[in-house]
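What follows is the residue order along each chain.
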Amino acid sequence: MGLDENEAEVCNGKDDACQMWTLCTHAYYDLAHVSPVVFLFLLKECYFYGTCKATAKFRALQHQVFLVLHNDPKPGPAIFVVQCLYLSPLFENHSQGFTHLMISALRRFLKRSTTSEDSLEVKDSAAHLLIDIIRGKICHDEKIVMKVLEIVDVKLTNIENAMCQIKKKHDLSCGTAIEFVEQYIFQLVESQLYMQAVTLIEHFSIRHYGQSLLLDMIQKNQFNAAEKWATFMGRPMLFILVEEFIERNMLKNAYETIQKNNLKQDFPEVYKRCKESSLKYLAEKGCWDVAEARTNNDRQLMEYLVYLAMEAGYAEKVNELCDRYSIDRFPDVKVPETSIQQGRYLNLNELLVEDIIWVDEVEGLLDATSHIEDFKVVGVDCEWKPNYEKGSKPNKVSIMQIASEKMAFIFDLIKLHREAPDVLDNCLTRILLSPRILKLGYNFQCDMKQLARSYEELKCFKNYEMLLDIQNIFKEARGGLAGLAEKVLGASLNKTRRNSNWEQRPLTPNQLEYAALDAVVLVHIFHHLPVQGHDKFEWKSCIVSHPEKTKKSKKYVPKVEETEIGTNKH
């Protein structure tokens, strides 16, 4: 039996370790004459000689045990493993690891093996092990009991058979199998090990536990165990569970239970409240596309989503939804308690922004670059279309905003990259690598990584000079850039358009304003930094650079004076 990649990893290139591994592997060639205690001893030797991390050792040894279970252990692979479980507690500190390793290898073996083994004998043997564990004769925890039950599928009849053997051998009277199991379940409940107790109740189809068990689990916040048990007991208990969730205002749990168990018709109002709560949460996060999909074309829910967009001041989303779903007017409905509370938001007029310039042609790109090179401080941000598919790659960055205190340039990266990649690369390199321009961002190093992934062939997004991340100065601020703006400038940013479609052309006026504000506000926040006295911010020490031919970012104190870039403004 040769070494595969996992086994070689355990050896880790050490000759003495590989020699021991070879010796152990050779002994595993024929398990017909290898006892469980010798098998575990060899397993321990393999573990001790491995020099890699514990997780890698576990996987490699699990694979090795899976392989050797094919090598004719007596009286059969499953019973052989059960016998090993009797002995694994002798290995003290390694007992739990070896036990889980053996069980996981057996599970994999039984799923893939075509060899036959006396099922009754295996189950009786496993039942005997479980009885000894529960009685405290063998030191294993309740998790091992659950795993053995799952893998071997031990039934009450198997426990009864094992108990009869114990009675005959030791001349004991230990009751019936059902009494034995119920006593163990009682102990688990008393120890608040509810999931293990419910697993046993479900496995052995014990149905005489009442509502008090459900309420006890909910009271102890064991909601997964409560739902598992209620699902096993049926609709009446599920109704009680949903009602308990509602009483505790746990709408998400109630909704999930209703969904999983097809109880929508039984709780129509609750289902609606849960859906509305979910839509409200998504709307507050700006995930309008996801919220729209969650309505499932339900007319009432779609009207509620239109209402949320209207409350958020998202006029273009209101018009978009009304046009798409033929909603002629906003429905005359009572204002729900869950409506979005709109605060005071910053706007371009309040910040005295003079112009927003859309850049999507080469001539405009060159002109914008010349203007930006005259600025001493700029705010930088970017936007891309959200991708809600779990595990999928983010969409390409669509636009990049570079703004001074009074003017914002919005670059159409998609179009400029398609039509003039070299010019785009040169212009943005001039800006991002300029030591004379202080670039302000909010978590912008993450944005730079996204830009570099989106436009891999461009050099401009791989290097930068003089980047100051505002969040590193206001580390205690909460709520992202919007929260920081509210703290420093007295008003927040309306983030409802954050997750809009940034690839549509043309962008709406509201999208342009949103994008411009995200860059402009950085400059205004920066100008509110105190420059003298005991509250002075050491912002210069937070500036980072990642210049060409430098692998790691470096922090340094630049030679520019605060007054050069206007930080004495308030």
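Residues numbered from 1 in each chain as written. Predicted model: local features only at pLDDT ≥ 70, side-chain atom pairs only at ≥ 80, totals over all residues. Heavy atoms only, no water.

### Points about the overall build of the protein chain
And then number 1: A count of helical and extended segments in the protein chain gives 25 helices and eight strands.
And then number 2: Per-residue burial over the protein chain gives 50% buried out of 570 residues.
And then number 3: In the protein chain, once contacts between residues fewer than 6 apart in sequence are set aside, the share between residues at least 24 apart is 69%.
And then number 4: Surface exposure of the protein chain reaches about 29300 Å², of which carbon and sulfur atoms provide 49%. (Helix = DSSP H or I, 4+ residues; strand = E, 2+ residues; numbered from the N terminus. Buried < 20%, exposed > 50% of the residue type's maximum accessible area, 1.4 Å probe, protein only. Contact = heavy atoms within 4.5 Å. Areas by Shrake-Rupley, 256 points an atom, 1.4 Å probe, with all protein chains shown as cover.)

### Observations regarding the pairing of strand 7 (residues 543-546)
And then number 1: Of the two faces of strand 7, the one holding Ile543 and Ser545 and the one holding Val544 and His546 are both buried throughout.
And then number 2: Pairing of strand 6 (residues 464-469) with strand 7 involves three bridges; the strand directions are antiparallel. Across the sheet, the residue bridging to Leu468 is Ile543, located in strand 7. (Pairing = 2+ DSSP bridges.)

### Thoughts on the packing of helix 24 (residues 480-489) against helix 25 (residues 509-526)
And then number 1: Where helix 24 meets helix 25, the closest approach of the two axes is 11 Å, and the angle between their N-to-C directions is 40°. Between helix 24 and helix 25, the angle is such that the two are oblique. Here helix 24 and helix 25 pass one another in a crossing that is left-handed. Residues Leu481, Leu484, Ala485, Val488 and Leu489 of helix 24 lie in contact with helix 25, whose contacting residues are Asp518, Val521, Leu522, His524 and Ile525.
And then number 2: Residues belonging to the contact of helix 24 with helix 25 are distributed by class as follows: eight nonpolar, one polar and one charged. (Axes fitted to C-alpha atoms, helices over the stretch in contact; angles between N-to-C directions. Parallel < 35°, antiparallel > 145°, perpendicular 65-115°, else oblique. Left-handed = near helix turned anticlockwise from the far one by under 90°. Nonpolar A, V, L, I, M, F, W, Y, C, P; charged D, E, K, R; others polar.)

### Concerning the packing of helix 3 (residues 36-49) against helix 4 (residues 54-68)
And then number 1: Where helix 3 meets helix 4, the axes come as close as 10 Å, and the angle between the chain directions of the two elements is 145°. The chirality of how helix 3 crosses helix 4 is right-handed. Contacts from Phe39, Leu43, Cys46 and Tyr47 in helix 3 reach Ala54, Lys57, Leu61, Val65 and Val68 in helix 4.
And then number 2: Residue classes in the contact of helix 3 with helix 4 are distributed as eight nonpolar, no polar and one charged.

### Considerations on unusual backbone geometry
And then number 1: Cis geometry marks the peptide bond from Lys74 to Pro75, where omega comes out at 5°.
And then number 2: Within the fold, Pro75 resides in the loop between helix 4 and helix 5 (77-87).
And then number 3: Here Arg505 and Pro506 are connected by a cis peptide whose omega angle stands at 0°.
And then number 4: In this structure, Pro506 sits in the loop between helix 24 and helix 25.
And then number 5: The phi torsion at Asn221 lies on the positive side, around 65°, for a residue other than glycine.
And then number 6: Relative to the helices and strands, Asn221 is located in the loop between helix 12 (211-219) and helix 13 (223-233).
And then number 7: What makes Asn221 exposed here is its relative accessible area of 53%.

### Description of the state of the cysteines
And then number 1: According to the stated counting rule, one finds zero disulfides in the structure shown.
And then number 2: For the unlinked cysteine Cys460, the closest cysteine sulfur is that of Cys427, found at 9.7 Å. (Disulfide = S-S within 2.5 Å.)

### Here's the deal with the packing of aromatic side chains
And then number 1: Per the stated rule, a full pass over the model turns up seven aromatic pairs.
And then number 2: Positioned above the aromatic ring of Phe66, the side-chain terminus of Arg108 is 4.2 Å from the ring centre. (Phe/Tyr/Trp six-rings, centres within 6.5 Å; stacked < 30°, edge-to-face > 60°. Lys NZ or Arg CZ within 6 Å of the ring centre and 35° of its normal.)

### Remarks on the pattern of salt bridges
And then number 1: The full count for this structure, using the stated rule, is 19 salt bridges.
And then number 2: Between Arg107 and Glu150 there is a salt bridge, with its nearest N and O atoms 3.6 Å apart. One end of the pair, Arg107, is in helix 6 (residues 95-112); the other, Glu150, is in helix 8 (residues 142-152), with 43 residues separating them in the sequence.
And then number 3: Take Arg107: its relative accessible area is 25%, and that puts it in the partly exposed class. (Salt bridge = Lys/Arg side-chain N within 4 Å of Asp/Glu carboxyl O.)

### Remarks on the environment of Met407
And then number 1: Locating Met407 in the fold gives a position in strand 4 (residues 407-412).
And then number 2: Residues Met407 and Glu354 lie 53 residues apart in sequence; the distance between their C-alpha atoms is 5.8 Å.
And then number 3: Filtering out sequence-adjacent residues up to four positions away, Met407 remains in contact with Asp355, Ile357 and Ile402.

### A word on the side chain of Glu244
And then number 1: Positionally, Glu244 belongs in helix 14 (residues 235-247).
And then number 2: Under the relative-accessibility criterion, Glu244 is labelled buried at 14%.
And then number 3: In this structure Glu244 touches Leu215 and Ile218, once residues within four positions along its chain are discounted.

### Some words on helix 13
And then number 1: Taken together, the buried positions of helix 13 are Phe223, Ala225, Ala226, Glu227, Trp229, Ala230 and Phe232.
And then number 2: Close packing links the buried residues of helix 13 with helix 11 (194-203), helix 12, helix 14 and helix 15 (251-260).
And then number 3: Remark: Gly234 follows helix 13 within two positions and exhibits a positive phi of approximately 115°.

### Details of the confidence of the model for the protein chain
And then number 1: Summary statistics for the protein chain give a mean pLDDT of 82 and a share of 84% for residues scoring 70 or more.
And then number 2: When the criterion is pLDDT under 50, residues 1-23 qualifies, and its contacts beyond four places in sequence or with other chains add up to 42 contacts.
And then number 3: Residue range residues 333-342 is modelled with pLDDT below 50. Its contacts to residues more than four positions away, or to other chains, number 16 contacts. (pLDDT = per-residue confidence, 0-100.)

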